[in-house]
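Coordinate inspection notes
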Amino acid sequence: MSWTIGDVKLESRFFLGTAGYPSPETLVSAIEAAAVDVFTVSLRRQVAGGGAGDNQFWDLLRHTGRRFLPNTAGCHRAREAVLTAQMARQVFETHWIKLEVIGDDYNLQPDPFETVTAAEELVRLGFEVLPYCTDDLVVCQRLIDAGCRVLMPWGAPIGTGRGLLNPYALRTIRERLPDIRLLVDAGIGAPADAAAAMQLGFDGVLLNTAVAKAADPVSMARAFRMAIEAGRIAYEAGLMEPQDAAAPSTPVIGIPFWHQERAGTAGSVDRPRLRQDGRKPDGAG
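Here's what I pulled together on the structure shown here.

Parameters and conventions
- Residues numbered from 1 in each chain as written.
- Predicted model: local features only at pLDDT ≥ 70, side-chain atom pairs only at ≥ 80, totals over all residues.
- Heavy atoms only, no water.
- Buried < 20%, exposed > 50% of the residue type's maximum accessible area, 1.4 Å probe, protein only.
- Helix = DSSP H or I, 4+ residues; strand = E, 2+ residues; numbered from the N terminus.
- Pairing = 2+ DSSP bridges.
- Right-handed = clockwise from strand over helix to strand, strands pointing away.
- Contact = heavy atoms within 4.5 Å.

1. Notes on the pairing of strand β9 (residues 181–185)
Here β9 lies mainly inside the structure; four of its five residues are buried. Relative to β9, strand β8 (residues 150–153) runs parallel, the two being bridged by two bridges. Across the sheet, the residue bridging to Val150 is Arg181, located in β9. As a crossover connection, the stretch from β8 through helix α7 (residues 167–176) into β9 is right-handed. Following the backbone out of β9, through helix α8 (residues 191–199) and into the adjacent parallel strand β10 (residues 204–207), one traces a crossover that is right-handed.

Listed below in structure tokens is the structure:
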């Protein structure tokens with residue numbers, strides 16, 4: 001079922017990164033297998049490589065017909081991120097930006113203060129800001145106050161494949177911010193992690209490494225697509241509430257029909273049948 005970010009209609013809830021694939025051809029095949037509408041690309045990291053190869057890479061991605069979501073990966077200050085976003089808007093001709101302002105180089109945790117500052121300025125400049133943040137509810141609320149309509153809290157640190165380290169925090173964000181588009185971004189390692197995020201009610205999942213570093217990236221992209229679709233359908237269908245005590249899945253009324261059929265058959269000793277309430281009839285020994 002289609003959904004929207006701002007005024008843009010989307011069919012897929014899977015956002016795919018474009019870094020670290022064995023070859024450009026594998027990347028394009030993975031994009032097709034994932035059936036994504038949106039993929040991310042880093043302006044700073046591509047420009048760092050320099051040369052005509054970058055233009056060929058971007059042209060290859062343009063030919064897929066998907067929507068670019070440039071990001072500000074590699075930025076450590078709000079001012080850096082704003083300048084990078086402005087360059088990305090010119091290069092990719094989009095006002096969408098995935099905002100990343102890293103505060104710690106070890107676990108690549110986003111800096112909440114610089115992220116909020118950058119978000120405020122980018123919203124003022126007319127960007128649709130999709131900020132990468134931690135699963136901190138207060139930080140999420142500050143980003144909404146800054147004008148963000150989409151938030152992307154992490155499941156775990158980037159590239160770790162640890163899955164959803166704090167489902168409680170993610171569930172809380174979903175419950176407290178029912179009108180905000182939410183995507184889990186970073187740390188997803190397996191299709192089951194993506195399905196779990198969708199079952200919490202998140203609107204989508206953004207990932208890169210779990211597909212790019214798989215033994216077969218194309219097949220893994222397809223697996224994630226199916227898991228994300230299944231997780232969303234399960235959420236919309238309504239999951240049963242977990243229970244501590246066992247409960248029979250089949251109601252029991254009287255005795256099973258196959259016992260009833262055997263009772264009183266030819267050549268057997270007549271046995272009194274049980275009543276519907278499960279007790280022996282009057283006079284039965």
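Now, onward.
2. Let's talk about α8
Here α8 has its buried residues at Asp193, Ala194, Ala195, Ala197 and Met198. Taken together, the buried residues of α8 touch β9, β10 and α10 (217–237). Downstream of α8 by one or two residues, Gly201 has phi in the positive range, about 100°.

3. Section: unusual backbone geometry
Positive phi outside glycine occurs at Ala35, with the angle close to 55°. Owing to a relative accessible area of 36%, Ala35 belongs among the partly exposed residues under this scheme. Here the phi dihedral of Glu93 falls at roughly 55°; this positive angle occurs in a residue that is not glycine. Here Glu93 is to be found in the loop between α4 (78–92) and β6 (96–99). Residue classification places Glu93 among the exposed positions, given a relative accessible area of 72%.

4. What about the pairing of β8?
The side-chain alternation of β8 yields two buried faces, one formed by Val150 and Met152 and the other by Leu151 and Pro153. Across two bridges, the pairing between strand β7 (residues 128–133) and β8 is parallel. When the bridges of β8 are listed, Cys133 appears paired with Pro153.

It is worth stressing that arrangement in space is one thing and function is another; only the former is reported here.
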